[in-house]
Amino acid sequence: MASDSQRRFHSQTPPNAPSTATLFQSGGGSQVVQAAFARPPPSLRSTQSYHTLSESPYSSAGRTVSLQEQSISEKFSLSPDPSLWGATLAMNLEEPDDELHNPDPRRDRKNDRGGSVFTYRGLTNLGCLIFLAVGMVSLFAGYPMISYFTKQSLSNEGGFNIGGINASGQIPTMTNNYGLIDVDTPSSAHTYTSFADSSQWQLVFSDEFEVEGRTFWPGDDPYWEAVNLHYWQTNDLEWYYPDQVTTRNGSLEITLSEREMNNLSFTSGLISTWNKFCFTGGMVLASVSLPGTNDVSGLWPAVWSMGNLGRVGYGASLEGMWPYSYDACDVGTAPNQTINSAPAAAVTGNPVYQGVLAKEKSHPGPVHSDGTYVGRSAPEIDVFESQVTTEGQVSQSAQWAPMNHAYQWSNTSQNYKIPNPDVTQLNSYLGGVYQQSTSGVTNTNQSCYTQNSGCFSTYGYEYKPVFTQYISWITNDVVGWTLDAGALVADSVTEISDRPIPQEPMYLITNLGISENFQTVDFTNLIFPATMRIDWIRVYQPQGSINIGCDPKDFPTAAYINEYIEAYTNPNLTTWRNDFQQPFPKNNLTTGC
């Protein structure tokens, strides 16, 4: 290191000399900056260190500039000579950060040799890289494979178009359980084996009635609607009122009460899916606990179906429509099934009324290939009507028009089957002025009445429409009896043609009535209120032959109903001609079409 005599020193300016500190002083008058040369201090060790410009004893000299005239850069600029800054520049001066800049082989020997890669930080970094690599592989390779091997086949569960399903056939879980397939229907019930050919049929509609406290006023429910009217057609003793129908404890309840309403002594309920849910062909099953007991007669509970062109309880929509199932332009459509007093069998037999298969130019369609219209009507097929004779029974039937002579259908052994005659017999009732009936009477489970044990039995029917098919009725989960289409073939005596198994879109109806037209009413022993409970209702159709909807292309109803909407919404219009003041259609055989 150089000796003190070899070092170069700068003199320190006198205390009163100008310095850069004057740049930061304020006051009046003109101040100047003057450069000066430093003189060496008396001793290097005693040299004072200055940390800021304001503490520096050095002043500027050489040129004088007014502070007010100086620029910002001039005011705060430093001399290019560090010795003029007022800081100690001795090489041997120790400073606190010297160790950061001075190598020490002994101290730094460990770091100089290098360290281990297996540090916490290294392992963390390596783990992060492995995690990212596995994630990327799983995302682009693993996920597609997992999805492929774990995917489940989509099922449409019987839902087709109605209800808002998408193109893949999936059925959405709709808010408030408003889908065609009730979400409470067990998966085991999504298919059912046909009683006729053991093929698998598919669920297309179900209602399990699990939601508590449902109501059925117009607009309350997507599929069911209660009526508010008197069912005068069968001289019922009750007024049908929506409040008499609700859901409770997992079942639909229809209650018949001794409650006066509109000059009638009883109040009950009727609901239907008219113009909301319809089906063409299929199987209807209902799990029911019948009202009352098995040994007191008078109650008239029913589950049944009707063609959508006639609305239950609305007489104007039914006159001439119900219960026809016909597709021939012949005497069967004429008033009393006669033209010019012929045929004689119709004149001398029981009277019948005119079948209305079209309403002038507003025929709902469609047309045959030859340009003639397809016969349209409102047929009826009953799941059951319950009755009590010596024991509890159900009448399971279909109603027809036009009629055979004396209402006698062709009940040969080839045209119907009763698997167990000890349980089911043909009904002796064959019809009346407004209908012909094909009916079987089957004994019920005598415990399954709400005022007995309250158990449930399954009732239903299975059918395939058109001229060569059948209807089979089910009681207690077995077939009670089967009617083949051959039973309703052409009748040469009354000169009518074949009546097909109903081809119209059918809707569901359930009600609890009381009427002496149906059976003797035992007012002494009947206990009121009486309630029919329905655990569930389900509709199935053959896989690959799904046909649901109230306005199908081959049997449309919407345009016709909308044109004559008052007949379907005003229960006070009891007849088509007199009340609604609409004409019956013309006929090729009489007035020309």
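One can find the structure itself at the top, above this paragraph.
Computed from a predicted model, the values in this text were never measured in an experiment.

Rules used in this analysis
Residues numbered from 1 in each chain as written. Predicted model: local features only at pLDDT ≥ 70, side-chain atom pairs only at ≥ 80, totals over all residues. Heavy atoms only, no water. Helix = DSSP H or I, 4+ residues; strand = E, 2+ residues; numbered from the N terminus. Buried < 20%, exposed > 50% of the residue type's maximum accessible area, 1.4 Å probe, protein only. Contact = heavy atoms within 4.5 Å. Areas by Shrake-Rupley, 256 points an atom, 1.4 Å probe, with all protein chains shown as cover. Pairing = 2+ DSSP bridges. 1 Å grid on protein atoms, 1.4 Å probe; cavity = no way out; pocket = protein on both sides within 12 Å on 5 of 7 lines; lining within 4 Å. Points joined across faces, edges and corners; volume = space filled by probe spheres on them. Phe/Tyr/Trp six-rings, centres within 6.5 Å; stacked < 30°, edge-to-face > 60°. Lys NZ or Arg CZ within 6 Å of the ring centre and 35° of its normal. Polar contact = N/O pair within 3.5 Å; in protein donor to acceptor, adjacent residues only side chain to side chain. Salt bridge = Lys/Arg side-chain N within 4 Å of Asp/Glu carboxyl O. Disulfide = S-S within 2.5 Å. Core = buried A, V, L, I, M, F, W, Y, C linked by side-chain atoms within 4.5 Å. Patch = residues over 30% accessible without salt bridge, like charges linked within 9 Å, V, L, I, M, F, W, Y side chains within 5 Å. Lys, Arg positive; Asp, Glu negative; His and termini not counted. Charge placed at Lys NZ, Arg CZ, Asp CG, Glu CD.

### Looking at the overall build of the chain
Assigned secondary structure in the chain consists of 8 helices and 22 strands. Sorting the 593 residues of the chain into buried and exposed places 47% on the buried side. Taking the intrachain contacts of the chain between residues at least 6 apart in sequence as the baseline, contacts between residues at least 24 apart amount to 74%. When the accessible surface of the chain is summed, it comes to about 30200 Å², and 52% of that surface belongs to carbon and sulfur atoms.

### Some thoughts on the sheet that holds strand 5 (residues 238-240)
Read across the open sheet, the 3 strands follow the order 4-5-8; overall the sheet is mixed. Lying at the two open borders of the sheet, with one neighbouring strand each, are strand 4 (229-230) and strand 8 (266-268). Where strand 5 meets strand 8, 3 bridges bridge the pair, whose relative direction is parallel. Residue Trp239 lies in a different strand from strand 8, and its bridge partner there is Thr267.

### Quick word on the environment of Ala485
The residue Ala485 is located in the loop between strand 20 (478-484) and strand 21 (506-514) in this model. Taking the C-alpha atoms as reference points, Ala485 and Ser410, separated by 75 residues in sequence, lie 9.9 Å from one another. The residues touching Ala485, leaving out its near neighbours within four places in the chain, are Val466, Phe467, Thr468, Gln469 and Ile501.

### Some details on the layout of surface pockets
Empty space within the largest pocket amounts to approximately 1100 Å³. Looking at the largest pocket, it is lined by 38 residues, and the ones nearest its centre are Gln233, Thr234, Trp300, Trp322 and Gln435. Elements with a minimum of two residues in the lining of the largest pocket: strand 11 (299-307), helix 5 (315-318), strand 12 (380-388), strand 13 (392-400) and strand 17 (435-443).

### Here's the deal with the packing of aromatic side chains
Under the counting rule described, the total for this entry stands at 22 aromatic pairs. Look at Trp576 and Phe580: their rings are 5.2 Å apart centre to centre, the planes differ by 75 degrees, and that puts the pair in the edge-to-face class. Given a relative accessible area of 11%, Phe580 falls into the buried group. One aromatic cluster is present, formed by Phe205, Tyr223, Phe277 and Phe279 through successive ring pairs. Positioned above the aromatic ring of Trp536 is the side chain of Arg538, whose terminal nitrogen or guanidinium carbon lies 3.8 Å from the ring centre.

### Topic: the side chain of Ser251
Its place among the elements puts Ser251 in strand 7 (residues 251-256). A relative accessible area of 2% places Ser251 in the buried class. For Ser251, the side chain forms a polar contact with the side chain of Arg533, separated by 3.4 Å. In contact with Ser251, other than residues within four places in its own chain, are Phe209, Thr246, Phe456, Arg533, Ile534 and Asp535.

### Observations regarding the pairing of strand 6 (residues 245-248)
Pairing of strand 6 with strand 7, which is carried by 4 bridges, proceeds in the antiparallel orientation. Paired with Thr246 across the strands is Glu253, a residue of strand 7. Adjacent in sequence and paired antiparallel, strand 6 and strand 7 are bridged by 2 residues, among which Asn249 carries a positive phi angle near 55 degrees.

### Considering the pattern of salt bridges
One side chain can pair with another of opposite charge once the charged atoms of both are near each other. Tallied over the entire structure, the rule returns 11 salt bridges. Across the pair Lys276 and Glu225 runs a salt bridge whose closest N-O atoms are separated by 3.6 Å. Residue Lys276 is found in the loop between strand 9 (270-272) and strand 10 (282-289), and its partner Glu225 is found in strand 3 (residues 225-226); the two are separated by 51 residues along the sequence. Judged by its relative accessible area of 29%, Lys276 is partly exposed. Judged by relative accessible area, Glu225 falls into the buried class, the value being 15%. The structure contains a network of salt bridges with shared partners spanning Asp207, Arg214 and Asp221.

### What about the state of the cysteines?
For the structure on display, the rule yields 2 disulfides. One disulfide bridge connects Cys278 with Cys550, the sulfur atoms lying 2.0 Å from each other. As the torsion about the S-S bond is roughly 90 degrees, the Cys278-Cys550 disulfide counts as right-handed. Of this pair, Cys278 sits in the loop between strand 9 and strand 10 while Cys550 is found in the loop between strand 22 (530-542) and helix 7 (558-563), placing the two residues 272 residues apart along the sequence. Comparing Cys278 with Cys550, the two get one shared label, buried. Note that Cys448 is cross-linked by a disulfide to Cys455, the S-S spacing being 2.1 Å. Taking the torsion about the S-S bond as the criterion, the Cys448 to Cys455 disulfide, at about -110 degrees, is left-handed. The exposure class of Cys448 is buried, given its relative accessible area of 1%. Numbered by order of appearance in the sequence, the disulfide-linked cysteines of the chain pair as 1-4, 2-3.

### Quick look at the environment of Phe205
Mapped onto the fold, Phe205 is located in strand 2 (residues 200-207). Sequence separation between Phe205 and Asp182 is 23 residues, and the spatial gap between their C-alpha atoms is 7.5 Å. Each residue touching Phe205, except ones within four places of it in the same chain, is listed here: Leu180, Ile181, Tyr223, Trp224, Phe277, Leu508, Ile537, Arg538 and Val539.

### Overview of the nonpolar core
Among the nonpolar cores identified, the biggest contains 55 residues, and Trp224, Phe277, Phe279, Phe384, Tyr461, Ile471 and Leu508 are the most heavily contacted of them. Of all the elements, strand 22 adds the most residues to this core, at 5 residues. Those residues within four positions of Leu508 in sequence are excluded, and the remaining contacts are Phe205, Trp224, Ile271, Ser272, Thr273, Phe277, Phe279, Val284, Trp304, Ile537 and Val539.

### Overview of a positive patch on the surface
Taken together, the side chains of Arg106, Arg109, Lys110 and Arg113 make up a positively charged region of the molecular surface. Among the residues examined, Lys110 registers a relative accessible area of 63% and is labelled exposed.

### Remarks on unusual backbone geometry
Of the consecutive residues Trp322 and Pro323, the connecting peptide bond is found in the cis state with omega at -5 degrees. Relative to the assigned elements, Pro323 resides in the loop between helix 5 and helix 6 (344-348). Of note, the bond from Gly365 into Pro366 is cis; its omega dihedral lies within 30 degrees of zero at -5 degrees. Mapped onto the fold, Pro366 is located in the loop between helix 6 and strand 12. For Asn235, which is not a glycine, the phi torsion comes out positive at approximately 55 degrees. With respect to the helices and strands, Asn235 occurs in the loop between strand 4 and strand 5. Its relative accessible area of 48% is what places Asn235 among the partly exposed residues.

### Some words on the pairing of strand 7
Judged by how many residues are buried, strand 7 sits mostly within the fold: 6 of 6 residues are covered. Side-chain alternation along strand 7 places Ser251, Glu253 and Thr255 on one buried face and Leu252, Ile254 and Leu256 on a second face that is also buried. When strand 7 meets strand 22, the two strands line up antiparallel, connected through 5 bridges. Paired with Glu253 across the bridge in strand 22 is Arg533.

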